[in-house]
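Geometric and topological summary
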Amino acid sequence: MGWLRCATGTPQCAANKSGSDSHITAIAHSYGTTVIGVAAKEGDLDVDDIVFAGSPGARVDNAADLDVAKGHVWNEHAKGDNAVNATGRFFHGDGVSRIDPTDEIFGANQVETDTEGHSGYWDYEDDKNKPSLSILNQGRVITGKHDEVTLKPRSDGSLMPSNWRQPLNWDD
């Protein structure tokens, strides 16, 4: 049970965070997003932000079901990374429709990427000494510079889906 190990490891994060202004971000890739999703669903993650990359599903059908504040769930889906979420949603998605973090109804911030494939989220152009937009956006979340994260527009042009479910546990 990977989520159990993840959840039991976070008390150290909470202890380090207690009484400080530290900012803790959980970044997960592929099946790791499922592990993080389960831990956050149980309320045991104790982080400020969650970043999913190449997710097959997070075992919840809405970002509001994760243990972070509204607007602090981020999802990266690179061009050509379709096999994982197309098949993975049937095993790791949640609800009747097998929703994953790429779906608009999930409610995650959809982060712009410039990488390709399932393993390109951390690509770095050595010859140009330039990190990918995927890495830059992750760094912006990690450092709490949320307003600098480049988001993909939704199909209706907005940054939040029209059917976003306002959770009871998020206060504005």
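As a starting point, this report considers the structure included with it. The structure displayed is predicted, hence computed values, not measured ones.

Right, let's talk about a negative patch on the surface for a bit. A cluster of acidic residues, Glu 42, Asp 44, Asp 46 and Asp 67, forms a negative patch on the protein surface. Here Glu 42 shows up in the loop between α2 (31-41) and β2 (49-53). We classify Glu 42 as partly exposed; its relative accessible area is 46%.

On to the nonpolar core, then. Among the nonpolar cores identified, the biggest contains 19 residues, and Leu 45, Ile 50, Phe 52, Leu 66, Val 73 and Phe 106 are the most heavily contacted of them. Elements supplying a minimum of two residues to this core: β1 (25-29), α2 and β2. The dominant element in this core, judged by the number of residues it contributes, is α2, at three residues. With near-sequence residues (within four places) excluded, Leu 66 lies in contact with Gly 37, Ala 40, Lys 41, Ile 50, Phe 52, Val 60, Val 73 and Phe 106.

Sheet topology note: the β1/β2 ladder contains five bridges and is parallel. Each bridged residue has a counterpart across the sheet, and for Ala 28 the counterpart in β2 is Phe 52. Taken together, β1, α2 and β2 form a β-α-β motif whose crossover is right-handed.

Take the side chain of Asp 49 next. The residue Asp 49 is located in strand β2 in this model. One polar contact links Asp 49 to His 23, side chain to side chain, over a distance of 2.6 Å. Separated by 2.7 Å, the side chains of Asp 49 and His 72 make a polar contact. Each residue touching Asp 49, except ones within four places of it in the same chain, is listed here: His 23, Ile 24, Thr 25, Ala 26, Val 68, His 72, Trp 74, Val 141 and His 146.

Our focus in this paragraph is a nonpolar patch on the surface. Judged by side-chain polarity, Ile 27, Trp 122 and Ile 142 come together as a nonpolar surface patch covering roughly 250 Å² of accessible area. Mapped onto the secondary structure, Ile 27 falls in strand β1. On the accessibility criterion, Ile 27 (31% relative accessible area) is partly exposed.

Turning our attention to unusual backbone geometry. Peptide bonds are, in most cases, trans, and in most cases residues other than glycine have a negative phi. In the Ramachandran plot, Ser 30 falls in the positive-phi region, its phi being about 55 degrees despite a non-glycine side chain. Checked against the element boundaries, Ser 30 lands in the loop between β1 and α2. Despite not being glycine, Arg 59 has its phi angle at roughly 65 degrees, a positive value. With respect to the helices and strands, the residue Arg 59 is situated in the loop between β2 and β3 (73-76). With a relative accessible area of 32%, Arg 59 lands in the partly exposed category.

Reading the values: the criteria
- Residues numbered from 1 in each chain as written.
- Predicted model: local features only at pLDDT ≥ 70, side-chain atom pairs only at ≥ 80, totals over all residues.
- Heavy atoms only, no water.
- Patch = residues over 30% accessible without salt bridge, like charges linked within 9 Å, V, L, I, M, F, W, Y side chains within 5 Å.
- Areas by Shrake-Rupley, 256 points an atom, 1.4 Å probe, with all protein chains shown as cover.
- Salt bridge = Lys/Arg side-chain N within 4 Å of Asp/Glu carboxyl O.
- Lys, Arg positive; Asp, Glu negative; His and termini not counted.
- Charge placed at Lys NZ, Arg CZ, Asp CG, Glu CD.
- Helix = DSSP H or I, 4+ residues; strand = E, 2+ residues; numbered from the N terminus.
- Buried < 20%, exposed > 50% of the residue type's maximum accessible area, 1.4 Å probe, protein only.
- Core = buried A, V, L, I, M, F, W, Y, C linked by side-chain atoms within 4.5 Å.
- Contact = heavy atoms within 4.5 Å.
- Pairing = 2+ DSSP bridges.
- Right-handed = clockwise from strand over helix to strand, strands pointing away.
- Polar contact = N/O pair within 3.5 Å; in protein donor to acceptor, adjacent residues only side chain to side chain.

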